[in-house]
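Here is how the chains run, residue by residue.
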Amino acid sequence: MKVTVINTGGTFNKRYNPITGQLDVASDNISINKIIASCPNVEFEIKNIVSKDSLDMTEEDREEICEAIKITKNDKVIIIHGTDTIHLTSQLIKEKKLEKQIVFTAAMIPMSIDEMEATMNFSLALGFLSANNKNGTYIAMHGVVADYSKLIKNKELGQFLIQE
Ligand SMILES: NC(=O)C[C@H](N)C(=O)O
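Residues numbered from 1 in each chain as written. Predicted model: local features only at pLDDT ≥ 70, side-chain atom pairs only at ≥ 80, totals over all residues. Heavy atoms only, no water.

The name an unreviewed UniProt entry gives the protein chain is Asparaginase, with Halarcobacter mediterraneus as the organism.

In structure tokens form, the structure reads like this:
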């Protein structure tokens, strides 16, 4: 299986900066590389773009993400994205009628602080893509994969929950 990972930043990639005392969004692939080292059956293409907390993303950033999806030759695409505005980027993907198997994933806790949640969410996206062949825009978070319109971040709980 061939998968393109478009790594756009978000909390998934945040890392403690000992100089400023802040959590910065890393613009490298250290977190994702750690996970994919356990996936010898998958041929990955990794693109690192934008590298922002998704609350800071501009319309141009979202256009750049759409363009990256459009130009990749792979049909299976995982987008690592901040949790707060997945709905905005997925809406643009819909408007642009991008026809691929696109799965957003993310984390509430940086991989650099605790690997469990980020690894779970990414693995869920990968498992889904290995079994699915239907085009669509999906979100893989907190134990389920669903159409992007049905899995919504509950900001009080800090969890993605299915909307029936
Ligand atoms: N958990 C997260 O990713 C939240 C962060 N504010 C973001 O949207 O990038």
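Student: Account for the UniProt feature "domain: L-asparaginase N-terminal" (unreviewed entry) in the protein chain, naming residues and giving values.
Tutor: According to UniProt, the "domain: L-asparaginase N-terminal" (unreviewed entry) feature falls on residues 2-146. With 32% helix and 31% strand, the stretch residues 2-146 has end C-alpha atoms that lie 21 Å from each other. (UniProt positions renumbered as here; feature names shortened; annotations may be inferred. Helix = DSSP H or I, 4+ residues; strand = E, 2+ residues; numbered from the N terminus.)

Student: Describe the side chain of Asn121, listing the residues and the values that go with them.
Tutor: In this structure, Asn121 sits in helix H4 (residues 115-131). Using a relative accessible area of 2% as the deciding quantity, one classes Asn121 as buried. From its side chain, Asn121 meets the backbone oxygen of Ala106 in a polar contact 2.9 Å long. Dropping the residues within four chain positions of it, Asn121 is found in contact with Thr105, Ala106, Ala107, Ala140, Met141 and His142. (Buried < 20%, exposed > 50% of the residue type's maximum accessible area, 1.4 Å probe, protein only. Polar contact = N/O pair within 3.5 Å; in protein donor to acceptor, adjacent residues only side chain to side chain. Contact = heavy atoms within 4.5 Å.)

Student: An account of the site of the ligand is requested, with residue identities and associated values reported.
Tutor: Residues in contact with the ligand, as listed here, are Gly10, Thr11, Asp53, Ser54, Leu55, Gly82, Thr83, Asp84, Ala107 and Met108. A distance of 2.9 Å separates a nitrogen atom of the ligand from a polar atom in the side chain of Asp53. A distance of 2.5 Å is found between an oxygen atom of the ligand and a side-chain nitrogen or oxygen belonging to Ser54. Taken together, the residues of the shell around the ligand break down into three nonpolar, five polar and two charged. (Near = heavy atom within 4 Å. Nonpolar A, V, L, I, M, F, W, Y, C, P; charged D, E, K, R; others polar.)

Student: A description of the nonpolar core should follow, citing residues and the corresponding values.
Tutor: The nonpolar side chains of a soluble globular protein tend to be buried, and buried together. Membership of the largest hydrophobic core comes to 23 residues, with the highest contact counts inside it found for Ile69, Ile79, Ile93 and Ile139. Every element with two or more residues in this core is listed here: strand S4 (43-52), helix H2 (59-71), strand S5 (76-80), helix H3 (86-95), strand S6 (101-105) and strand S7 (136-141). Among the elements that line this core, the one with the most residues is H2, at four residues. When neighbours within four sequence positions are excluded, Ile69 is seen to be in contact with Ile6, Ile79, Ile93, Leu98, Lys100 and Ile102. (Core = buried A, V, L, I, M, F, W, Y, C linked by side-chain atoms within 4.5 Å.)

Student: Please set out the confidence of the model for the protein chain residue by residue, giving values where relevant.
Tutor: For residues with low pLDDT, the predicted coordinates do not support detailed interpretation. Taken as a whole, the protein chain shows an average pLDDT of 98; of its residues, 100% reach a score of 70 or greater. What the predictor reports for the complex is a pTM of 0.98 with an ipTM of 0.97. (pLDDT = per-residue confidence, 0-100.)

Student: Lay out H3 with the relevant residues and their values.
Tutor: Every α-helical turn comprises 3.6 residues, leaving residues that sit three or four positions apart pointing alike. Within the span of H3, buried status applies to Ile86, Thr89, Ser90, Leu92 and Ile93. Burial along H3 is one-sided: seen end-on, the buried residues are contained in an arc of 155°. The outward face of H3, more than 90 degrees from its buried face, is lined by the exposed residues Lys94 and Glu95. On its buried face, H3 is in contact with H2, S5, S6, S7 and strand S10 (159-162). With its phi angle positive at about 55°, Lys97 sits one or two positions after the end of H3. (Arc of directions from axis to C-beta.)

Student: If you had to explain the pairing of strand S9 (residues 151-154) to someone new, which residues and values would you point to?
Tutor: Only one face of S9 is buried: it carries Leu151 and Lys153, and the other face, with Ile152 and Asn154, is open. Of the pairings in the sheet, the one linking S9 to S10 comprises four bridges and is antiparallel in character. Bridge pairing links Leu151 to Ile162 in S10. If you look at the hairpin formed by S9 and S10, you'll find four residues sitting between the two strands, and Gly158 has a positive phi there, around 65°. (Pairing = 2+ DSSP bridges.)

Student: Would you mind going over the UniProt feature "active site" (unreviewed entry) in the protein chain in detail, with residue names and values included?
Tutor: In the UniProt entry, the feature "active site" (unreviewed entry) is given for Thr11. Along the chain, Thr11 turns up in the loop between strand S1 (2-9) and strand S2 (14-17).

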